[in-house]
Structures are given as C-alpha cells and as structure tokens.
Amino acid sequence: MKRLRYVLPLTIHRAVSTEAKRHLKLFTPGPLSTTDSVKRRMMVDVGSRDEIGFLQVVRDVRQRLVVASQATPETHDAVLVQGAGTHAVESVLGSVIGKSDRVLILNNGSYGERQKQVCRILNLPFDSIDYPDNQAVRAEDLVDRLRTDSSITHVSMIHLETTAGVINPLSPVCDALSEFPHVHLILDSMSAFGAYEVDLGGRHSACKYLISSANKNMQGVPGFSFCVYERKALEALSGRRPRSLALDLYQQAKGLSDGGQFRFTAPTHAILAFQQAIMEWEAEGGWLGRSERYKANYEAIKRGIERLGLRFYVDEACRGYIISAICEPSHPKWSSHLLYDYLFERGFVIYPGKTSENTFRIGNIGNIHPEDCAELVLNIEMGIKHMGLQIPVQ
Ligand SMILES: *Cc1c(COP(=O)(O)O)cnc(C)c1O
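Notes on the structure follow. (Residues numbered from 1 in each chain as written. Predicted model: local features only at pLDDT ≥ 70, side-chain atom pairs only at ≥ 80, totals over all residues. Heavy atoms only, no water.)

1. A word on the packing of aromatic side chains
Right, so step 1: Within the structure shown, the criterion is met by 7 aromatic pairs.
Right, so step 2: Summarising the aromatic geometry, the rings of Phe-193 and Phe-226 are spaced 5.7 Å apart at their centres and angled 70° between planes, so their arrangement reads as edge-to-face. Of this pair, Phe-193 sits in the loop between β8 (184-188) and β9 (207-213) while Phe-226 sits in strand β10 (residues 223-230), placing them 33 residues apart in sequence.
Right, so step 3: Phe-193 gets classed as buried once you look at its relative accessible area, which sits at 1%.
Right, so step 4: The buried category is assigned to Phe-226, whose relative accessible area is 0%.
Right, so step 5: Ring pairs connect the aromatic residues Phe-193, Phe-224, Phe-226 and Phe-274, which therefore count as one cluster. (Phe/Tyr/Trp six-rings, centres within 6.5 Å; stacked < 30°, edge-to-face > 60°. Helix = DSSP H or I, 4+ residues; strand = E, 2+ residues; numbered from the N terminus. Buried < 20%, exposed > 50% of the residue type's maximum accessible area, 1.4 Å probe, protein only.)

2. A few points about the packing of helix α4 (residues 85-96) against helix α5 (residues 110-122)
Right, so step 1: Put simply, α4 and α5 touch, their axes get as near as 10 Å, and they point 50° apart. If you check the angle between α4 and α5, you find them oblique. Both α4 and α5 take part in a crossing whose hand is right-handed. Taken together, the residues of α5 that come into contact with α4 (itself represented by Thr-86, Val-89, Glu-90, Leu-93 and Gly-94) are Arg-114, Gln-115, Val-118, Cys-119 and Leu-122.
Right, so step 2: Classifying every residue of the contact of α4 with α5 by side-chain character gives 5 nonpolar, 3 polar and 2 charged. (Axes fitted to C-alpha atoms, helices over the stretch in contact; angles between N-to-C directions. Parallel < 35°, antiparallel > 145°, perpendicular 65-115°, else oblique. Left-handed = near helix turned anticlockwise from the far one by under 90°. Contact = heavy atoms within 4.5 Å. Nonpolar A, V, L, I, M, F, W, Y, C, P; charged D, E, K, R; others polar.)

3. Topic: the pairing of strand β11 (residues 323-327)
Right, so step 1: Burial analysis of β11 places 5 of its 5 residues in the buried class, the great majority of the element.
Right, so step 2: Neither face of β11 is left uncovered, since the one carrying Ile-323, Ala-325 and Cys-327 and the one carrying Ser-324 and Ile-326 both have all their residues buried.
Right, so step 3: Pairing of β11 with strand β14 (residues 359-363), which is carried by 5 bridges, proceeds in the antiparallel orientation. From the neighbouring strand, Ser-324 faces β14, where its bridge partner is Ile-362. (Pairing = 2+ DSSP bridges.)

4. Some details on unusual backbone geometry
Right, so step 1: Of the consecutive residues Gly-30 and Pro-31, the connecting peptide bond is found in the cis state with omega at 0°.
Right, so step 2: Relative to the helices and strands, Pro-31 resides in the loop between β1 (25-26) and α2 (36-40).
Right, so step 3: For the bond from Ile-391 to Pro-392, the omega torsion is -10°, close enough to zero to count as cis.
Right, so step 4: Among the secondary structure elements, Pro-392 is positioned in the segment after α13 (370-386).
Right, so step 5: Even without a glycine there, the phi angle at Asn-123 is positive, about 65°.
Right, so step 6: Judged by its relative accessible area of 67%, Asn-123 is exposed.
Right, so step 7: Of note, Gln-219 is a non-glycine position whose phi angle comes to about 65°, a positive value.
Right, so step 8: Mapped onto the elements, Gln-219 comes out in the loop between β9 and β10.

5. Side note on the site of the ligand
Right, so step 1: Around the ligand, the neighbouring residues are Ala-84, Gly-85, Thr-86, Tyr-111, Arg-114, Ile-158, Leu-160, Thr-162, Asp-188, Met-190, Ser-191 and Lys-216.
Right, so step 2: Take Gly-85: an N or O atom from its main chain is 2.9 Å from an oxygen atom of the ligand.
Right, so step 3: Thr-162 places a side-chain nitrogen or oxygen 2.4 Å from an oxygen atom of the ligand.
Right, so step 4: Protein chains shield 85% of the accessible area of the ligand, which is 390 Å² for the free molecule.
Right, so step 5: Contributions of two or more residues to the shell around the ligand are made by α4 and α5. (Near = heavy atom within 4 Å. Polar contact = N/O pair within 3.5 Å; in protein donor to acceptor, adjacent residues only side chain to side chain. Areas by Shrake-Rupley, 256 points an atom, 1.4 Å probe, with all protein chains shown as cover.)

6. So, the sheet that holds β11
Right, so step 1: What the 3 strands build is an open sheet, ordered β11-β14-β13; its pairing is antiparallel. The sheet is open, and its two borders are formed by β11 and β13 (351-352), each paired with just one other strand.

Here you go:
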C-alpha cells in the first residue's frame, strides 16, 4: 500500500498529459464535445454565496431557460437540480405524483422503462402504454385511455427517446390533452430541448414540467439537470409530505426562487459553463439555429451510412436528428467492438446500442459539425474494411 501511494501520482500525471494532447470527438448522447469557450468559463473558483460571481449567474441562467421554453417569468420558473438527468426525472416524479394521483407513462424505450422503475421504487401509482423501441407513441392511444380511465392525473412522456433516436409527437399529445385540462404533462425533453421546439407558453401549455440537462443539446458540461415548471402547478404541491430530502423539487425550487441559493453544494463550475453555453445557443439562433446544424450533421451521417450499405433501426417517419441507431450487420466478420476500438484510436467515440435488436449508436450533438461527421463516416468505412468486409456491406 505504501509503495502505491508514491507510484500512483506519477501514473496519473502521465495519463493526464496524454489525455490533454488527445482531441476526442464525442459522437455520443452526452456528455458531449463542448466548445473551448465553454470549457474556459470554468477556469475560476467562485463561492456558492458570491452575489456577482455566482448567484447572479444562477438567476440569469434560470431566466434564460424560461425564455428558451417560450414561457414568461410571470407564469413559469426554472429549477436546477444537482446531478445527472435522472436526478431531475426522479425529483419531478417523486414530488409531483401524490398518493391519490396516477401517472400514465407513454413508454417506447429505456428512458420510459427507467421512469417505471422510479415509480416502483418510490411506490408511485402509475400505469403505462408500451410501444416497441423503434416506434413513436401515439396521441390517439392516449385519448382512448383518458376517455375510459378517469384515475389518470398526469401523463409522462419522453420527447426524444434517445435509446433508438425516436422523436415522439409532442404537439399532437398536447393538442389531445386540451380535452383533459385536469391532466398535467411531464416531459422528459432531455435530448430534444434546445434542438426541437418547446412552446410552454403556447401550443405546449399542457406540459407543466419540462425536464432537461446541462450536457445535452445546450452543450454544457455535466453536473446538473433542470426543470422549467408552471408556477401555479408547483405551488399546488405546497405542504405536501416529501418523499426525499435531496430530491424534493418543491423545496429546491423554493430555495432558488426565495434566496437564490442551492440547499446543498452547488455545481458552481458546471453552472458558469452553462451560462456561456446557453449564450452560445442563443447566438446560434436558439433551437432553430441549432436544429439546422444538427440536421446537417445527421444528413452527413445518413448519406455515409447508406453508402456503406448499413441500415437504420428506426424508420425515417419517426427518426429524430439527434442520435441514430444503426443495425449491426449479420456478417460473421462484423465486430462492433473492433469498430469502437478502431474509431477510438483515431479520436472518435461512438456508443453501443440499447435497443431490442443489436445496434450501435452515433450521436451528432455537441460541438460537432458536418465535416466532423463526414470524417467519422470515412473512418467507419476504413474500420469496416479493416474487419475484412467489403463496401457496401451485405
Ligand atoms: C440523457 C437522458 C436522460 C438522463 O440520463 P442521465 O444519464 O441520468 O443524465 C434521461 N432521458 C433521456 C431521454 C435522455 O436522453
């Protein structure tokens, strides 16, 4: 043990200096490649009670998130939650679904399954409509269920199911909910917000809780997630017995809106980086501008994938432009592991699939541009040839 204490720092030092020289491009659903300016914004230490250096930044970021959701500060506010995206999802479900409520989860992938798991662990009354992971949920099914089942008080949906990259029909679902004004929508917009339109003040007003995180389309670094909520809906939770101390959404929101402070250690650097990230998002033209670049990225990957003879797992009709699940060819020489390693050595990171059919995934969000995508495709092509396969793959 004693020797290890002297050896370890040296090894770590060496690993860090090689790391710094390496410029990996992350084609993953987050964490993702961020701009140098976002990373540089973290090169300062601030105290969590520092009014100018930090508290003003938190207020600014919360306001910008409300505006980014097309809502107004009079009716809506944003709460930041320390941790990964799942922390905010669990915080919202656990705080919003009361003993006499019932949430209907529209489930078409592993993030819907995760919500069911949260409900089981927290003992929340829930039900689900389940779909295969390569299909979108259907507003018609929701209407059918709500017309026959009056026990449902909340609907929870994943905006873009990152498992396979399926975009779910947010507007039709919100339109359908106008017939059931007592039913509130909870939206996990983790991998859609910032690159798909959300209009909480208008067409999507049925959505009372919109959840996303710093390290997806807004291109911040990991460390916190957030929820843009309707004030009236959250205020109705006042006095409710919390199921969790750390994940109590009501108290977390109150802490931020009353004194402007976090209840527990604040992710200071991640929030500084996020302020820079959201300003860069605004400068790029908001969700519309960012969606144009992401679409161009996706198109570059699509052209390449089709040229290589590979197949998408999801039909074009419900395929999003954030992440693509590509079917693994059944050729005996195919090895996804070989492909990951081959790409990694050349500075590209892609992800294994999580779908019911074997797939691998290519994300195209983050500080990634069409030329990076074209370069990735060329390297995939070389990787496939390296396996001993011919192009197009049969
Ligand atoms: C990324 C993501 C999450 C959160 O994942 P974490 O690993 O907890 O950050 C939740 N839902 C969707 C749809 C996501 O893409």
